[in-house]
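So the chains spell out like this:
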Amino acid sequence: MFKNFLPNKILSLSNNLLNSLLVYLILAMFLGLIYSLYISPPDYIQGDSVRIMYVHVPSSFISLACFGIIGIASILNLVFKIKFIPLMSKSLAPVGCTFTLISIVTGSLWGKPTWGTWWAWDARLTSMVILLLFYFGYIFVWKFVSSFNKANKISSIIAIIGLLNLPVIKYSVDWWSTLHQPSSITLTSAPTIHYSMLIPLVIMLIGMIIYLLIIFLMKYKTETIKFKIKNKK
Amino acid sequence: MLGKKAKKRAIFLALLLLLFVVTIFLIFKSLEENIVYFFTPSEIYNKQNISFNKTIRVGGLVKDNSIIKEQNSVKFIITDFKKEIIVSYSGLIPNLFSEGKGVIAEGKLKDKKYFVAEKILAKHDENYMPPEVTKALEKTNN
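Rules of the game
- Counting from 1, residues in each chain are numbered in the order their sequence is written.
- Naming scheme: in the order in which they are written, chains are lettered from A and ligands are numbered from 1.
- Given that this is a predicted model, residues contribute local features only at a pLDDT of at least 70 and side-chain atom pairs are listed and counted only at 80 or more, while totals for whole chains, interfaces and linings are drawn from all residues.
- In this description, a residue-residue contact is defined by the distance between C-beta atoms placed from the backbone, which must lie within 7 Å.
- The way it works is that DSSP assigns letters per residue, a run of H or I at least four long becomes a helix, a run of E at least two long becomes a strand, and they are numbered from the N terminus.
- Strand pairing is defined by DSSP finding a minimum of two bridges between the two strands.
- Working definition: the nonpolar core is a set of buried Ala, Val, Leu, Ile, Met, Phe, Trp, Tyr and Cys residues, joined through C-beta atoms within 7 Å.
- The exposure label follows from counting other C-beta atoms within 10 Å of a residue's C-beta, where the C-beta atoms are placed from the backbone and the thresholds are 20 or more for buried and 12 or fewer for exposed, leaving partly exposed in between.

A.B. asks: Can you break down the interface of chain A and chain B residue by residue, with the values?
C.D. replies: With 35 residues of chain A in contact, the opposing surface of chain B contributes 32 residues. Residue assignment for the side of chain A that touches chain B shows that the elements contributing at least two residues are α2 (53–80), α3 (84–114), α5 (148–163) and α7 (195–232) of chain A. In terms of residue count, the dominant contributor to the side of chain A that touches chain B is α2(A) (four residues).

So this is what it looks like as structure tokens:
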């Protein structure tokens, strides 16, 4: 399976795969948005402002998962030095960063009508800003360090250190008193979201993952071509 | 599986990570006071070095039947079911502020039982459900 990610294969796979993914994306987002905005019920406390959750929660989840993947890939990269790994991480970072921004902005929009404030420096929100800064750092190193190997090393270290922030983000609402509420979906207990709201949440998550794949594949293709051109010289 | 060089790099990385985890743990420990966004009424009650001039936050649930609306202000009680604190506040109240629900008050302590809030934030829990479900739940509970 991993052979499919080798640069040569990716260039040939891309076009057909991207077209199918685009169709799935449109289907998923169409279904997800109709369900989120119209079919699903308002919340018993928050009313219709709960509908921001259907964008906020999946994008938060994806932003963390992306960084986790980049972090683990960076560890493998430093230990095993497999060439295509840095190209993958480099291609995943911008879209992961975008989802982090979406999470923070939609969270803020959700906070005003519910909590009564656009922002609060509690542990959950602060650690998400720190995640955003790690994403920025990672992307900037690739952008501004001209040597591929140097950029690879420095960005990998940044990603690995940033990995430590991920459990902090996840457990911030359990470890400390925060304004942000605890998790509704956990591995250890039943979800505290009614199924009529859980369904659109999952559909939106799937749609956003498909979007992530499309952007990632497009960038990975570009990075592979750039790398090949640079190293043919 | 791991060659000699790869093994060396792996060990170096592991040690570096360990060092970072310990450092960050120590930083968090020392920042404990600032990382918690609010104190519970019990924490206020038990606190030794409380300052009555510093702006702090108290959080908990609004005690049932404790909201008293006066002309320009409102009085209510924040409870964590072990200790309570009386809060007085004049200003805008967020939509979700209600009895039995979470609240965070930011302001200054007058004494260990009385808090003057400058800002009120409503805190909601992790439960999401349609209104019909709550009505059904209330029926079965009554």
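From this point, the narrative continues.
A.B. asks: With reference to specific residues and values, describe the pairing of strand β3 (residues 74–79) of chain B.
C.D. replies: Residue and element names in this part refer to chain B. Sheet topology places strand β1 (residues 56–62) next to β3; two bridges connect them, and they run antiparallel. From the neighbouring strand, Leu 61 faces β3, where its bridge partner is Thr 79. Note: strand β2 (residues 68–69) against β3, two bridges, orientation antiparallel. Within β3, the residue paired with Lys 69 across the bridge is Val 74. As consecutive antiparallel partners, β2 and β3 are separated by four residues. With six bridges connecting them, β3 and strand β4 (residues 84–89) associate as antiparallel partners. Within β4, the residue paired with Phe 76 across the bridge is Val 87. Counting the residues between successive antiparallel strands, the hairpin from β3 to β4 contains four residues, one of them, Phe 81, with a positive phi of roughly 65°.

A.B. asks: Tell me about the nonpolar core, and name the residues and values.
C.D. replies: Side chains that are nonpolar tend, in soluble globular proteins, to be buried together. The biggest cluster of nonpolar side chains holds 73 residues, and the ones touching the most others in it are A:Ile70, A:Tyr138, B:Val58, B:Ile78, B:Val87, B:Val103 and B:Ala105. For this core, the element with the highest residue contribution is α2(A), accounting for ten residues. When neighbours within four sequence positions are excluded, B:Ala105 is seen to be in contact with B:Arg57, B:Val58, B:Ile78, B:Val87, B:Tyr89, B:Phe115, B:Ala117 and B:Ile120.

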